[in-house]
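Architecture and fold: a report
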Amino acid sequence: MDRKPQSRRENQCTRRSSWCCSFGVPPTSPENLSFSYLKTPQKSEILSKSGSSYPNSPQSTRTGLGLVGRIDPRRILSPGRVSPIDSDVAADSVPEVAAEPSPVVNAPEELMSGSFRKAAVEKSRRVEVGSSSDSSNSNATAKDEGGLRVFDVRLTLRGKNGGSLVLELNSEVLSGNSAVFAELILDCQKRSNSSTGNLCRIEVPDVENLAVFRQTIELMFEDDITKHLLKIGVYRSIDILEVSAGIMFRKGVLSCLNYLEAVPWTEEEEEKVKALFTRFNFDDATTKDILARLYSLDSADSQQNLARRLVGSVTNSVDANARNELKSLVKGLLCKSSVYEKDQPDLNKEDIYHICHSCLCSLVSLFEDASEAAAPIHNEQVLKKEHRPLLECVSRQVDNVIWLLDILIDRQMAEDFVGIWAGQRDLLRIHGSASPLVRYEISRISAILFIAMGTRQLHCRLEERVGLLRAWFGPMLSDFGWLQRCRKGLDMKAVEEGMGHTLLTLPLKQQYVLFMEWFQCFSKHGTECPNLSKSFQVWWRRSFLRSSETHAIECR
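Predicted model, so just to flag it, every value in this text is computed and none were measured. (Residues numbered from 1 in each chain as written. Predicted model: local features only at pLDDT ≥ 70, side-chain atom pairs only at ≥ 80, totals over all residues. Heavy atoms only, no water.)

A short note on the overall build of the protein chain
Across its full length, the protein chain holds 23 helices and six strands. Each of the 556 residues in the protein chain was classed as buried or not, and the buried ones make up 44%. Taking the intrachain contacts of the protein chain between residues at least 6 apart in sequence as the baseline, contacts between residues at least 24 apart amount to 69%. Surface exposure of the protein chain reaches about 31,500 Å², of which carbon and sulfur atoms provide 51%. (Helix = DSSP H or I, 4+ residues; strand = E, 2+ residues; numbered from the N terminus. Buried < 20%, exposed > 50% of the residue type's maximum accessible area, 1.4 Å probe, protein only. Contact = heavy atoms within 4.5 Å. Areas by Shrake-Rupley, 256 points an atom, 1.4 Å probe, with all protein chains shown as cover.)

What follows is the structure in structure tokens.
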């Protein structure tokens, strides 16, 4: 009994000494594969291991220079020594494992435990059979818990951007899950003149993503595909769905569709799902649920009325905080520069103006109530205390009109509103008798119009501009002091410039009348009136200096 261990140690020492001291051809081993069997000895080798740890998952190797290497998996179980199993590599036009006889020493199963024992035995048998030189033993054999499973298909994937991937698969699993591969395997078996034990070689060119294709193939060996999809996420599941649809992997397609239907998507993922559904047609009830999330099934009439319903709900809102939040939301959706604008139906101009008219009618009635209640009261503190709800109602309707006006200006539909606002005779009649605390609210609408016209955002005919200035220029001069004290988001400098620029768009004779009215008001009230000095200088230069130059030219 003492001689056997001694002889084993002597053999190991002999091997080590020959490896360390000999400068000839090194012996074959899992770490140093033989170079004498290569057909192209000028090229270097890159050996890679299989990335799968499942007994029945595909054996794969990435080929850097067109070679495939095998490393015995039992080296992982014993990192401190080298297994005596020898494997060799041979290079051919298509990367494959060279067949060379080598002795195999099976590790005793008593030294392994649990799942590691099963995996080690299976992988060792696979390497043992795959490295034999006999053609009948060229197929790698793996033993599963349920029985024998033969890896008799070699699938070579060629990437679009270079690189390749080789997978050793079981023909029954591959044919049972993919109709495309089932037909390819059948054709390969018909063309084969040798015994049925030969490998069936299949090549797939122009693969978009090698990792995704391999991951899709590995799902054929998974019992619970959904659990695997939960780990990789939505974005990668969409890629796997695309590959599964291409190779007609029905189980993978159904699992991906069920997973995508049950989880939320980001906008990027939604666009990717849309693009995928334009290229493939999936026949399943889950597909209808996914399409219902992507596309609206309502009629065109209801889509056109959607904007009107949203705007009406906002203007009728009572809660101030909710109303302001919804205004920002709806304005962002209906804005012309919105990212959602391309998918929305055209905004109906008549619907928006209909809501504008209802807001103006409500404003007239509220304004009349405010003027009647404020007539016998001269103390503003009492007016603030007793009529605060009325002031809030007036302010809310003015905010609604300004919000609708912003939408119309953005959509370039506000030209008609200038004429509508210039024809508000009831508001003009009540404005003179109403309290400044109430009437200044209505001048905020005129201020928005002056800013839009002064900054060239709003274009309208001369008659409409003349009517607007005749009607609301005087009230703006009276309410400017209150607008300065209660700005509510107004830029008073922009209001002054807008009024001046709008005045300069009128004929010089009409400019003269309005500038004289401003000059008298500004001389009496000072900063309580808008400062139109710059526009007044432009009008003066145009009216007198240029006219004298024109007269001099005519005299010449």
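A short note on the state of the cysteines
A covalent bond between the sulfur atoms of two cysteines is referred to as a disulfide. Using the criterion set out here, one finds one disulfide in the structure. Covalent S-S linkage joins Cys521 and Cys529, the inter-sulfur distance amounting to 2.5 Å. Here the S-S torsion is close to -40 degrees, and the disulfide linking Cys521 with Cys529 is therefore left-handed. Look at Cys521 and you get buried, because its relative accessible area is 15%. (Disulfide = S-S within 2.5 Å.)

Focus: the nonpolar core
Core analysis: the largest hydrophobic core is formed by 74 residues, its most contacted members being Trp421 and Phe473. Not counting residues up to four positions away in its chain, the partners in contact with Trp421 are Leu360, Leu427, Ile442, Ile445, Ser446, Leu449, Leu468 and Trp472. If you look at the next biggest cluster of nonpolar residues, it comprises 45 residues, including Leu167, Leu210, Ile225 and Tyr259. (Core = buried A, V, L, I, M, F, W, Y, C linked by side-chain atoms within 4.5 Å.)

Description of the pattern of salt bridges
This model, assessed by the stated rule, comprises 16 salt bridges. A salt bridge links Glu464 to Arg461; its shortest N-O distance comes to 3.2 Å. Judged by its relative accessible area of 54%, Arg461 is exposed. A network of salt bridges, in which partner residues are shared, links Asp399, Glu441, Arg444 and Lys488. (Salt bridge = Lys/Arg side-chain N within 4 Å of Asp/Glu carboxyl O.)

Brief notes about the packing of aromatic side chains
Summed over all chains, the structure comprises 16 aromatic pairs. With 6.4 Å between their ring centres and 10 degrees between their planes, Phe417 and Trp421 make a pair best called stacked. A residue pair is termed a helical-turn pair when its members lie 3 or 4 positions apart in one helix, as Phe417 and Trp421 do in helix H17 (residues 415–422) at four residues. Classification of Phe417 as buried rests on a relative accessible area of 1%. The buried category is assigned to Trp421, whose relative accessible area is 0%. Ring geometry for Trp421 against Trp472: centres 4.8 Å apart, planes inclined by 15 degrees, an arrangement best described as stacked. Of this pair, Trp421 sits in helix H17 while Trp472 sits in helix H20 (residues 462–485), and the two are 51 residues apart along the sequence. (Phe/Tyr/Trp six-rings, centres within 6.5 Å; stacked < 30°, edge-to-face > 60°.)

Overview of helix H10 (residues 267–279)
Within an α-helix, residues lying three or four positions from one another point in the same direction, as the helix has 3.6 residues per turn. Helix length check: H10 (13 residues) gives 19 Å between terminal C-alpha atoms against 18 Å at 1.5 Å per residue, within 8%. Buried residues belonging to H10 abut helix H8 (234–246), helix H9 (250–262) and helix H11 (285–294). (Expected span 1.5 Å × (residues − 1).)

Focus on unusual backbone geometry
Of note, the phi angle at Gln412 is positive, near 55 degrees, even though the residue is not glycine. Positive phi values are uncommon outside glycine, yet Lys488 reaches one of about 55 degrees. Position of Lys488 relative to the elements: it lies in the loop between H20 and helix H21 (492–503). Among the residues examined, Lys488 registers a relative accessible area of 44% and is labelled partly exposed.

Overview of helix H19 (residues 436–454)
Between its first and last C-alpha atoms H19 spans 26 Å; for 19 residues at 1.5 Å apiece the expected length is 27 Å, and the two agree. Considering bend angle alone, the principal kink of H19 is centred on Ile442 and spans about 25 degrees. Looking one or two residues beyond H19, the residue adopting positive phi is Arg456, at roughly 70 degrees. (Bend = angle between axes of the 7 residues up to and from the residue.)

Examining the pairing of strand S5 (residues 164–169)
Across the six residues that make up S5, a large majority, six, are buried. Alternating positions in S5 separate into two faces, Ser164, Val166 and Glu168 on one and Leu165, Leu167 and Leu169 on the other, with burial throughout. Pairing geometry for strand S4 (residues 153–159) and S5, over six bridges, is antiparallel. Each bridged residue has a counterpart across the sheet, and for Thr156 the counterpart in S5 is Val166. As consecutive antiparallel partners, S4 and S5 are separated by four residues, and within that stretch Gly162 has a phi angle of approximately 95 degrees, a positive value. (Pairing = 2+ DSSP bridges.)

Considering the packing of H8 against H10
At a minimum axis distance of 10 Å, the contact between H8 and H10 shows a crossing angle of 10 degrees. In terms of their interaxial angle, H8 and H10 are classed as roughly parallel. Seen from H8, the contacting residues are Val234, Tyr235, Ile238, Asp239, Leu241 and Glu242; seen from H10, they are Glu268, Glu269, Lys272, Val273, Leu276 and Arg279. (Axes fitted to C-alpha atoms, helices over the stretch in contact; angles between N-to-C directions. Parallel < 35°, antiparallel > 145°, perpendicular 65-115°, else oblique.)

Comments concerning the pairing of S4
Burial analysis of S4 places six of its seven residues in the buried class, the great majority of the element. Sheet topology note: the S4/strand S6 (residues 200–207) ladder contains six bridges and is parallel. Bridging from a neighbouring strand, Val153 pairs with Cys200 of S6.

Topic: the environment of Val438
By the element assignment, Val438 lies in helix H19. Along the sequence, Val438 and Leu391 sit 47 residues apart, while their C-alpha atoms lie 6.6 Å from each other.

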